[in-house]
Amino acid sequence: MPGLHREDAYQRLAMYPTDKDEQAAIARFLDHMDRRIRRYIRAKRKLIALLEEQKQAIVHRAVTRGIDPDVRLKPSGVEWLGEIPEHWEIVPIKYLLYELNDRSTTGKETLLSLRINHGLVPHDEHFARPGQASSLVGYKLVRPGQVVLNKLQANNGLVFASEIFGVVSPDYAVFNSSANVNSHYLTALFRTSVMKHKFRVESKGLGTGTAGFLRLYTDRFGAIKVALPPRDEQLQIMHELDAQLKGSQNAIAHTQGHIDLIREYRTRLISDVVTGKLDVREAVAHLPEEAAEPDEDDNDSSTDELLPQAVEMAVESGQASISMLQRRLRVGYARAARLIDLLEERGVVGQGDGAKPRDVLVSVIDSPGDVPGGMSGDVNEVEGGQGDDGWQKV
């Protein structure tokens, strides 16, 4: 755990020391330092958010307009796409991707999972909790260069081109791309804000009312039209993006490093103070009076950008609680409580039982956002009836 919370420190005050005035001094000092550290972390997180927005804007511009700022544009004929470079084509996705249904017969392949910030990765390297299935026989095979889509999280950008061989949940969709498409370019396009919004519009809900999971059915996915440059231009765009994004990615990693260091400092500081290694009584005497800070995460939004990560953590841990989300997502109580409510609304966790952690109801192994328990049988029904929609089956 990268840092201790004040609750942990206060519990130790019962042992170190016994003098109530000194306990009060320690508590005030830790509150003061905690406020300063949290302000620092918030500022760094805001910087990371700005850098991420900058990255998204660069990618969006490149995959929707190309890299030539003087390119001539034409109406796309698709209202939500607007204008596109005049030499690009409008093509339905079903003519660019060909769905596969190759299954493992041995179950000995590496289990892979989609993660928002990492792409398609080996499950065991990113999740402490092993896969729930007793066997991987029947799971879908994935090869390098193929496109993997989480239909329940398409609107959150969970679609990536694979770099490795392995298997994924049967509830995922796996595609080969046509000869005129670079799979990395296409999935970068799919993760832009305009495409994620379109995926949300085309998805249908599962679960409790409008709060249920949103599944992007294959026929609706295939009918969506995209603007496509020639393949050699796709490769040029991806090469240019690699160069342009390198600076932002380095800055994000550097800033995250600062956050990790200050959290380590907080851990050491709390330990030294509550065990008596550092006497803070004199320092406390010179501290200014401080008003209580409002919870920076206190708002009443009906959704939350951290929800996919909360789902992922809940599935990984097998249980969820407000305190767990506070620790692992580094958010305040109000936001963590709201995330728990959203998880319950979407059928990820069960109802609360006092202070006990919530049980996780998701029955399939991949996260975030998989089908709630008891609904995994929908897979065959969802996959059925796709032969008459124009998709080419391989």
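Position labels on residues start from 1 in each chain and follow its written sequence. For this predicted model, a pLDDT threshold of at least 70 governs which residues receive local features, and a threshold of 80 or more governs which side-chain atom pairs are given and counted, while totals over whole chains, interfaces and linings are taken from all residues. As a rule here, side-chain values cover all heavy atoms of the structure and leave hydrogens and water aside.

Draft legend 1. Region of the structure containing the side chain of glutamine 153. Elements are defined by DSSP. Helices are runs of H or I of four residues or more, strands are runs of E of two residues or more, and each kind is numbered from the N terminus. Structurally, the position occupied by glutamine 153 is in the loop between strand E8 (147-149) and strand E9 (159-161). Burial classification: accessible surface area is computed with a 1.4 Å probe over protein chains only, and a residue below 20% of its type maximum counts as buried, one above 50% as exposed, and the rest as partly exposed. For glutamine 153, a relative accessible area of 7% translates into the label buried. Of the polar contacts made by the side chain of glutamine 153, one reaches the side chain of asparagine 156; its length is 2.3 Å. Any pair of nitrogen or oxygen atoms within 3.5 Å is treated as a polar contact; in protein, a donor-acceptor pairing is required on top of that, and neighbouring residues in sequence qualify only through side-chain atoms on both sides.

Draft legend 2. Region of the structure containing the sheet that holds E9. For two strands to be treated as a pair, DSSP must find no fewer than two bridges joining them. Read across the open sheet, the four strands follow the order E4-E11-E8-E9; overall the sheet is antiparallel. The sheet terminates laterally at strand E4 (97-100) and E9, the two strands that pair on one side only. Sheet twist, expressed as the mean angle between neighbouring strand axes with direction ignored, is 30°. In this sheet, strand E11 (residues 173-177) lies alongside E8 in antiparallel orientation, the contact comprising three bridges. Across the sheet, valine 147 pairs through a bridge with phenylalanine 175, a residue of E11. Should any heavy atoms of two residues lie within 4.5 Å, those residues are considered in contact. To obtain each axis, a line is fitted to C-alpha atoms, and for helices this fit is confined to the stretch in contact; angles are then taken between N-to-C directions over 0 to 180 degrees. Docked against the sheet, helix H4 (residues 183-190) engages E4, E8, E9 and E11, running at close to 165° with respect to E9.

Draft legend 3. Summary view of the environment of valine 274. Among the secondary structure elements, valine 274 is positioned in helix H7 (residues 231-274). According to the relative accessible area criterion, valine 274 is buried, its value standing at 1%. Taking the C-alpha atoms as reference points, valine 274 and leucine 30, 244 residues apart in sequence, are found 9.3 Å from one another.

Draft legend 4. Structural view of the packing of helix H2 (residues 20-65) against H7. In contact at an axis separation of 10 Å, H2 and H7 are set at 170° when each is read in the N-to-C sense. In terms of their interaxial angle, H2 and H7 are classed as roughly antiparallel. Each residue is assigned to one of three groups, with Ala, Val, Leu, Ile, Met, Phe, Trp, Tyr, Cys and Pro labelled nonpolar, Asp, Glu, Lys and Arg labelled charged, and all others, Gly among them, labelled polar. Along the lines of polarity and charge, the residues of the contact of H2 with H7 split into 26 nonpolar, seven polar and eight charged. For classification purposes, an angle smaller than 35 degrees is called roughly parallel, one larger than 145 roughly antiparallel, one from 65 to 115 roughly perpendicular, and anything else oblique.

Draft legend 5. Just the pattern of salt bridges, in detail. Salt bridge, as applied in this entry: a Lys or Arg side-chain nitrogen positioned within 4 Å of an Asp or Glu carboxyl oxygen. Enumeration over the complete set of coordinates arrives at nine salt bridges. Among the ionic pairs, aspartate 102 bridges to arginine 143, the shortest N-O distance being 3.5 Å. Here the residue aspartate 102 occupies a position in the loop between E4 and strand E5 (112-115), and arginine 143 occupies one in the loop between strand E7 (140-142) and E8, the gap between them amounting to 41 residues. A relative accessible area of 35% places arginine 143 in the partly exposed class. In this structure, arginine 220 and glutamate 202 form a salt bridge, with 3.1 Å as the shortest nitrogen-oxygen distance. One end of the pair, arginine 220, is in helix H6 (residues 218-223); the other, glutamate 202, is in helix H5 (residues 193-202), with 18 residues separating them in the sequence. Under the relative-accessibility criterion, arginine 220 is labelled partly exposed at 28%. Taken together, the salt bridges that share partners define one network made up of Asp34, Arg38 and Arg266.

Draft legend 6. How the structure looks around the pairing of E4. Alternating residues of E4 divide into Leu97 and Glu99 and Tyr98 and Leu100, and every residue in both groups is buried. Sheet analysis places E4 next to E11, joined by four bridges and oriented antiparallel. Its bridge partner being in E11, leucine 97 is matched across the sheet by serine 177.

Draft legend 7. How the structure looks around the packing of aromatic side chains. Stacked, edge-to-face and tilted are the three classes for Phe, Tyr and Trp ring pairs, Trp counted by its six-membered ring, which pair at centre distances within 6.5 Å; planes under 30 degrees apart are stacked, over 60 edge-to-face, the rest tilted. Overall, the coordinates contain four aromatic pairs when judged by the stated rule. Summarising the aromatic geometry, the rings of phenylalanine 190 and phenylalanine 221 are spaced 5.6 Å apart at their centres and angled 70° between planes, so their arrangement reads as edge-to-face. Of the two residues, phenylalanine 190 sits in helix H4 while phenylalanine 221 sits in helix H6, which places them 31 residues apart along the sequence. The two residues phenylalanine 190 and phenylalanine 221 agree in class, both being buried. Feature note: the residues Phe175, Phe190, Phe199 and Phe221 constitute an aromatic cluster, connected by ring pairs.

Draft legend 8. Molecular detail of the packing of H2 against H4. Where H2 contacts H4, the axes come no closer than 9 Å and their chain directions differ by 120°. At the point where H2 passes H4, the crossing takes the left-handed sense. In this structure, H2 contributes Val59, Val63 and Thr64 to the contact, and H4 contributes Tyr185, Ala188 and Leu189. Class assignment of the residues belonging to the contact of H2 with H4 gives a composition of five nonpolar, one polar and no charged. Rotating anticlockwise by less than a right angle from the far helix to the near helix defines a left-handed crossing, while the corresponding clockwise rotation defines a right-handed one.

Draft legend 9. How the structure looks around the side chain of aspartate 171. With respect to the helices, strands and loops of the structure, aspartate 171 is situated in the loop between strand E10 (166-168) and E11. Within polar-contact distance, the side chain of aspartate 171 engages the side chain of arginine 215 at 3.3 Å.

Draft legend 10. Molecular detail of the nonpolar core. Grouped together as the largest cluster of nonpolar side chains are 34 residues, with contacts concentrated most on Val63, Ile93, Leu97, Phe190, Phe199, Phe221 and Leu241. Elements with a minimum of two residues in this core: H2, E8, E11, H4, H5, strand E14 (225-228) and H7. With five residues, H4 is the single largest residue contributor to this core. For phenylalanine 190, the contacting residues outside a window of four places in its chain are Ile93, Leu97, Val159, Met195, Lys196, Phe199, Phe221 and Val226. In terms of nonpolar packing, the next biggest core, distinct from the first, is built from 20 residues, Val311, Met313, Ala336 and Val360 among them. Remark: nonpolar core denotes a set of buried residues (Ala, Val, Leu, Ile, Met, Phe, Trp, Tyr, Cys) joined through side-chain atoms within 4.5 Å.

Draft legend 11. Local environment of H4. Extensive coverage of H4 is indicated by the burial of seven of its eight residues. Residues of H4 that are buried include every one of Ser183, Tyr185, Leu186, Thr187, Ala188, Leu189 and Phe190, and no others. With a side-chain oxygen positioned 3.1 Å from the backbone nitrogen of histidine 184, the residue opening H4 is asparagine 182.

Draft legend 12. Local environment of the environment of valine 331. With respect to the helices and strands, valine 331 occurs in the loop between helix H10 (322-329) and helix H11 (333-345). Note on valine 331: relative accessible area 7%, which makes it buried. Measuring from C-alpha to C-alpha, the distance between valine 331 and arginine 42 comes to 9.9 Å, with 289 residues separating the pair along the chain.

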